[in-house]
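# Inside the fold
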Amino acid sequence: AAGGTATEDNEEQKLAEAQANDAGLEVATSVEESPPTMEMIVELPHDILTGYILCHLTGRWKELSRVSQGCILLGVIASYLIQFMVVFALAGDISASGLRDVGSVDGTDPLFNLVALAVLLQYLVKDLLNFYYSVWFWLGEVEKEMGVKTLSRLNIKSIKNVANVGDGLKNLKSTEISVDGMLESAKFWQFRLSLIFAFSLYILFGLYAIVAIGGESELVDKIEVALNIFFVLEIDDWACELFLLTPGVLDNDQFDQTVRIKETEEDSNKRVERRLLGATLLLILSFAVIYIACNWPSIASAFA
């Protein structure tokens, strides 16, 4: 009887070891299948809008007094208000014939237009992609970490299930939407819409540049138009220095944010490749569309 008991104990021990080995194998397999978590430093642009977003997401905004908050808000609003006023004022001074002159096939004018537009487009595309690949991407990662979902629980399916007012009230209660969650989502929507607002500014300046550069005859004058746009678009960077960095609200190091993403080294290289291709294709496509749109009569007659 004692021997039988020992044999049963040995069998149970072997069974337990086998189960432990299987469990360990499953854990090891799951670890191998899931991509590792990598740390990536995102270098955010030093402009007033990005700094304003940083103040909110780092908790710095709550530490500031009402006066300090008002000064920063004034800097954000004033810098972009000035830029939009400038672009609309410049648009009112361009001649109607400028658009027809862009990409002209007469003399050396097309070469000068292409050079000036190439310089300007590279700057505009650089800033746009910088906003998208840094600030927009970083905001998305912060949203994931904080679990922010903008009204995601109020979907169409839940609305269809509401049979009457009473059921509707019960359904809304079951969603457990907190006021803090709503405010947090609204804050992120504010950031997203502000970035889209900044994107539109670059588009407007690009449209103005097409006509303004085409309206000039000399290369120096065309380059001067591009430089004037560079100058105006730097206002938000100067506002960041004036209202955030110089007073000590933020430090330069705080614009380098670390995010944790799950991807392999191969995925990381593919992401870099996609960004490089995206920048190249966007630059070439923008340049081609601008030239074709402004010179379509000559192009049409050449193929006629």
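Residues numbered from 1 in each chain as written. Predicted model: local features only at pLDDT ≥ 70, side-chain atom pairs only at ≥ 80, totals over all residues. Heavy atoms only, no water.

## Details of the environment of Phe 84
The test is simple: Secondary structure elements follow DSSP: runs of H or I no shorter than four residues count as helices, runs of E no shorter than two count as strands, and numbering proceeds from the N terminus. Relative accessible area decides the class of each residue, using a 1.4 Å probe on protein chains only: under 20% of the type maximum gives buried, over 50% gives exposed, and in between gives partly exposed. Contacts were defined at the residue level, with two residues in contact if any of their heavy atoms lie within 4.5 Å.
With respect to the helices, strands and loops of the structure, Phe 84 is situated in helix α4 (residues 66–91). Classification of Phe 84 by relative accessible area gives buried; the value is 11%. Excluding anything up to four places from it in sequence, Phe 84 contacts Phe 197, Ser 200, Leu 201 and Leu 204.

## A few points about the pairing of strand β2 (residues 256–262)
For clarity, the threshold we go by: Note on pairing: two strands pair once DSSP finds at least 2 bridges between them.
Side chains Gln 257, Val 259 and Ile 261 project from β2 onto a buried face, and the interleaved Asp 256, Thr 258, Arg 260 and Lys 262 project onto a face without burial. Sheet analysis places strand β1 (residues 37–43) next to β2, joined by seven bridges and oriented antiparallel. From the neighbouring strand, Ile 41 faces β2, where its bridge partner is Thr 258.

## So, the state of the cysteines
The line we're drawing: Put simply, a disulfide is two cysteine sulfurs that come within 2.5 Å.
This structure, assessed with the given rule, holds zero disulfides. A disulfide-free cysteine, Cys 240 has its sulfur positioned 8.8 Å from the sulfur of Cys 55, the nearest such atom. Cys 240 gets classed as buried once you look at its relative accessible area, which sits at 1%.

## With respect to a negative patch on the surface
Our working rule: Every patch collects residues that have over 30% relative accessible area and no salt bridge, joining them within 9 Å if they carry like charges and within 5 Å if they are nonpolar side chains (Val, Leu, Ile, Met, Phe, Trp, Tyr). Accessibility throughout is a Shrake-Rupley quantity obtained with a 1.4 Å probe, and a residue counts as covered only by protein chains that appear here. Salt bridges are counted wherever a side-chain nitrogen of Lys or Arg sits within 4 Å of a carboxyl oxygen of Asp or Glu. For the charge count, each Lys or Arg is scored as positive and each Asp or Glu as negative, with His and the chain ends excluded. Charged side chains are reduced to one point each, which is NZ for Lys, CZ for Arg, CG for Asp and CD for Glu.
A cluster of acidic residues, Glu 43, Asp 251, Asp 253 and Asp 256, forms a negative patch on the protein surface. Mapped onto the fold, Asp 251 is located in the loop between α11 (235–245) and β2. Exposure remark for Asp 251: the relative accessible area of 47% places this residue in the partly exposed category.

## Quick notes on the pattern of salt bridges
All chains considered together, the criterion is met by five salt bridges. Glu 141 serves as the salt-bridge partner of Lys 144, at 3.6 Å between the closest nitrogen and oxygen. In this pair, Lys 144 and Glu 141 both sit in helix α6 (residues 109–146), three residues apart, roughly one turn of the helix. In this structure Glu 141 comes out as buried when scored by relative accessible area, which is 11%. Residues Glu 143 and Arg 192 are paired through a salt bridge, measuring 3.4 Å at the closest nitrogen-oxygen approach. Of this pair, Glu 143 sits in helix α6 while Arg 192 sits in helix α9 (residues 179–214), and the two are 49 residues apart along the sequence. By relative accessible area, which is 17% here, Glu 143 ends up buried.

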